[in-house]
Amino acid sequence: MSTTVGPTLIFQAVDLAGVLANGVLGGLLARRLGFDPVGFVVLALISGLGGGVLRDLLLQVPPVALHNPAYLGVALAGAAIAFLVDLRGTLTHRGLVVADALALGAWAATGATKALAQDLPLLSAILLGLVTAVGGGMIRDLVVREIPKVFSGTLYASVALVSAVAAALLALAGHPEMGMGSAILLAGVLAVAARRFGWVLPAATDLRPRIPHRRRG
Amino acid sequence: MSTTVGPTLIFQAVDLAGVLANGVLGGLLARRLGFDPVGFVVLALISGLGGGVLRDLLLQVPPVALHNPAYLGVALAGAAIAFLVDLRGTLTHRGLVVADALALGAWAATGATKALAQDLPLLSAILLGLVTAVGGGMIRDLVVREIPKVFSGTLYASVALVSAVAAALLALAGHPEMGMGSAILLAGVLAVAARRFGWVLPAATDLRPRIPHRRRG
Amino acid sequence: MSTTVGPTLIFQAVDLAGVLANGVLGGLLARRLGFDPVGFVVLALISGLGGGVLRDLLLQVPPVALHNPAYLGVALAGAAIAFLVDLRGTLTHRGLVVADALALGAWAATGATKALAQDLPLLSAILLGLVTAVGGGMIRDLVVREIPKVFSGTLYASVALVSAVAAALLALAGHPEMGMGSAILLAGVLAVAARRFGWVLPAATDLRPRIPHRRRG
């Protein structure tokens, strides 16, 4: 136990930093849409805690975000910050994006690891990592009637997927903490690189042989 | 037990009146949108039962709305009324709005009290009161692609919040029934007053010192 | 046990064929919307597995789709097919629609039967049949910001309702397998007939006596 204090503390710090960052980002969306304080709170809670709550519901365990008061408190602090200060375009905003990317990896790892601890199959564990990482943002986008950004050509969900796979495989190999660390690192590096180099995913195709023919319309 | 028959009966009446009122209101939305009978049923069930089901899922207990047949029956009755009679603009419609306001308080109190009975922290109990009270309406608005009215500048969610706080504090002080009663009263009075006096919440601000400077764009 | 191998096998085949068909149909929607591979996977999983997961959450049991890896695998195969081949307008597409109709009945029956096995009231069992059958498609439509097709005048949800009622009544009468079979048959026949003959549901009405009077506006 004592030997895990180091990585556990780092992980908890990344986890809560992610809740704070997503709480502020949810609040910034509320500000852009001209919402009132209630709207700030709702979007901050959904952004910061939605993915983890969805994961815990799917795993049939009591939601951590309701039982550990730190989560609600930190998400509400994020809403308050976004309500009081206009952060758009500031250096702080860029810091939030980095914290969000690191949290994407942390949450992908938590979801996958928690699922494996319940003896779920590998594919389910990876899915739960993905749900934990992008679920909150997806519900938030739905609530304000935007097409979820997981569909928007950003690599957001792909980065979460890679992190979840890495965390799941390392956890299966008996190294859950290395899995957490790798997932966080991978997510940070990939998210920054995708943004810098403008990476996109390939579009759908049609593998059938192309035989010239006429079609209506 | 015998001494609680009075308040419990009153509470159950308000609770089911709220399910009926929300069932009818969901049905009226289906009528406005030109939906078929299935649409009436779906919107009535979501409006009348959605918040309570969401609460029970978050608390990891079997949904009351599925186990006690009165809830489904009353919500379906609401759908049938809205399908058969055009209530818009009638006195009955105004009665529905009042029943909806009282139910907002009743549901905020149930959510908060049920959460405290599970030893959840105060903040989580208040959140569950809020979810119970406004969750059904929020999902209903999402399903028909409207921006949820909790964001729309009405005090709907704020009233639920005040009721949940009152119910939670009184329940913690050992007076859960006084909490229920206060929440219902508060919600009724505040909802009517907010409508009458046009109360709104303050908009977001920017606390940073205003230094004149140029910005791009 | 040995006597149930026949119907059970048929039911499992219809169930997984439905997951595959809905996975492909979800993928075709992703193709129409120009989504990337992640979008194909998300829409295929929601379409193919969403209803069953929702049912299991409401019944407070571990989601089958997470515990039996066949479900995730088949849904992902559907996404891959839709990503690699443009099926619109082909004979295969018509086959998918039939598989989807049969699965509608199979899922309505599973939901109702699982609920009755938990001693839920008949009305709740029918509702869970309905949720299992149309829940996935409804969430999928929400995610891509379309009005759910259960509201759109197709008989999709009505067919699921009839199937759920038949399955629930036959299960209550001690013949769950006949219930499954009837639900699948009913759904297939009704879905094809509704499409062929253009059946629609009656619109809302107003039963109050029509007394001539003036109104504002």
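Remember, predicted model here, so these are calculated numbers, not experimental data.

**Student:** Can you help me understand the overall build of chain A in this one?
**Tutor:** In terms of helices and strands, chain A carries eight helices and zero strands. Ordered by position from the N terminus, the helices and strands of chain A form the series α-α-α-α-α-α-α-α. The 217 residues of chain A split such that 53% are buried. By sequence separation, contacts in chain A at least 24 residues apart represent 74% of the contacts at least 6 residues apart.

**Student:** Where do I start with the relation of the copies chain B and chain C in this structure?
**Tutor:** Here two copies of a chain appear, and what relates them is a rotation about an axis with a shift along it. For the pair chain B and chain C, the best superposition has an RMSD of 0.0 Å and corresponds to a rotation of 120° with a translation of 0.0 Å parallel to the axis. The transformation just described matches what one would write down for a three-fold rotation axis. An asymmetric contact is evident, with only 12% of the interface residues of chain B recurring at the interface of chain C.

**Student:** Where do I start with the interface of chain B and chain C in this structure?
**Tutor:** Many analyses report the size of an interface as the accessible area lost when the parts associate. Contact with chain B, which involves 34 residues of that partner, is made by 29 residues of chain C. Between chain B and chain C lies a buried interface of about 2,500 Å² when both sides are counted; carbon and sulfur atoms form 71% of it. For chain B, the biggest contributors to the area lost against chain C are Leu66, Val143 and Arg145 of chain B; these three give 23% of the whole. Seen at the junction of chain B and chain C, the total is zero salt bridges. For the pair chain B and chain C, the interface holds two residue pairs in polar contact (both at pLDDT 80 or more). At the level of elements, α2 (37-58), α3 (64-67), α4 (69-84) and α6 (122-143) of chain B are the ones that each hand at least two residues to the side of chain B that touches chain C.

**Student:** For this particular structure, what's the right way to read the pattern of salt bridges?
**Tutor:** Opposite charge on two side chains makes pairing possible when the charged atoms of those side chains draw close. Under the definition given, this model contains 12 salt bridges over all chains. Between Asp56 of chain B and Lys114 of chain B there is a salt bridge, and its shortest N-O distance comes to 2.8 Å. Highlighted residues: Asp56 of chain B in helix α2 and Lys114 of chain B in helix α5 (residues 91-117), separated in sequence by 58 residues. Counted as one network, the salt bridges with shared partners bring together Arg55, Asp56 and Lys114 of chain A.

**Student:** How do you make sense of the packing of helix α4 (residues 69-84) of chain A against α6 of chain B when you look at a structure like this?
**Tutor:** Packed helices, taken two at a time, are described by the angle between their axes plus the distance between the axes. Where α4 of chain A meets α6 of chain B, the closest approach of the two axes is 9 Å, and the angle between their N-to-C directions is 70°. By the angle between their directions, the pair α4 of chain A and α6 of chain B is classed as roughly perpendicular. In this structure, the crossing between α4 of chain A and α6 of chain B has a hand that is left-handed. Note on element contacts: α6 of chain B touches α4 of chain A through Leu123, Ser124 and Leu127 of chain B, opposite Leu72, Gly73 and Leu76 of chain A. Tallied by class, residues from the contact of α4 of chain A with α6 of chain B come to four nonpolar, two polar and no charged.

**Student:** Whenever I open this one, the environment of Ala30 of chain B confuses me. Can you help?
**Tutor:** All names here are of chain B. Relative to the elements of secondary structure, Ala30 occurs in helix α1 (residues 5-32). Residue class for Ala30 comes out buried when judged on its relative accessible area of 0%. Note: C-alpha distance between Ala30 and Val42 (12 residues apart in sequence) is 9.0 Å. Contacts of Ala30, omitting those with residues within four sequence positions, involve Phe35, Gly39, Phe40 and Leu43.

**Student:** Before we go on, may I ask you to explain the confidence of the model for chain A in this structure?
**Tutor:** Should the pLDDT be low somewhere, the predicted coordinates at that spot are not to be read in detail. Residues of chain A with pLDDT of at least 70 account for 88%, and the chain-wide mean is 86. Low pLDDT, under 50, characterises residues 1-5 of chain A; the predicted model gives this stretch one contact beyond four residues in sequence or across chains.

**Student:** Can you help me understand the relation of the copies chain A and chain C in this one?
**Tutor:** Note on the identical chains: chain A maps onto chain C by a rotation of 120° and an axial translation of 0.0 Å, with an RMSD of 0.0 Å. The two copies present different faces, since only 14% of the interface residues in chain A are matched by interface residues at the equivalent positions in chain C.

**Student:** Explanation requested: the interface of chain A and chain C in the structure shown.
**Tutor:** The interface of chain A with chain C comprises 29 residues on the first partner and 34 residues on the second. Contact between chain A and chain C buries roughly 2,600 Å² in total, counting both sides, with carbon and sulfur atoms accounting for 71%. Looking at the side of chain A facing chain C, the largest losses of area belong to Leu58, Gln60 and Phe151 of chain A, adding up to 23% of the total buried there. At the surface where chain A touches chain C, the tally comes to zero salt bridges. Viewed at the interface, chain C and chain A are joined by two residue pairs in polar contact (both at pLDDT 80 or more). For the side of chain A that touches chain C, the secondary structure elements donating two or more residues are α2 (37-58), α6 (122-143) and α7 (156-172) of chain A.

**Student:** Sorry if this is basic, but what is going on with the packing of α2 of chain A against α4 of chain A here?
**Tutor:** Residues and elements named next belong to chain A. Packing of α2 against α4 brings their axes to within 9 Å, and their N-to-C directions diverge by 130°. Considering their axes alone, α2 and α4 lie oblique with respect to each other. Considering the relative orientation of α2 and α4, their crossing is right-handed. Taking contact as the criterion, the partners of Pro37, Phe40, Val41, Ala44, Leu45 and Leu49 in α2 are, on α4, Tyr71, Leu72, Ala75, Leu76, Ala79, Ala82 and Phe83. Its residues assigned to classes, the contact of α2 with α4 shows 13 nonpolar, no polar and no charged.

Conventions used here
- Residues numbered from 1 in each chain as written.
- Chains lettered and ligands numbered in written order.
- Predicted model: local features only at pLDDT ≥ 70, side-chain atom pairs only at ≥ 80, totals over all residues.
- Heavy atoms only, no water.
- Helix = DSSP H or I, 4+ residues; strand = E, 2+ residues; numbered from the N terminus.
- Buried < 20%, exposed > 50% of the residue type's maximum accessible area, 1.4 Å probe, protein only.
- Contact = heavy atoms within 4.5 Å.
- Least-squares fit on C-alpha atoms with pLDDT ≥ 70 in both.
- Buried area = accessible area lost by both parts, 1.4 Å probe.
- Salt bridge = Lys/Arg side-chain N within 4 Å of Asp/Glu carboxyl O.
- Polar contact = N/O pair within 3.5 Å; in protein donor to acceptor, adjacent residues only side chain to side chain.
- Axes fitted to C-alpha atoms, helices over the stretch in contact; angles between N-to-C directions.
- Parallel < 35°, antiparallel > 145°, perpendicular 65-115°, else oblique.
- Left-handed = near helix turned anticlockwise from the far one by under 90°.
- Nonpolar A, V, L, I, M, F, W, Y, C, P; charged D, E, K, R; others polar.
- pLDDT = per-residue confidence, 0-100.

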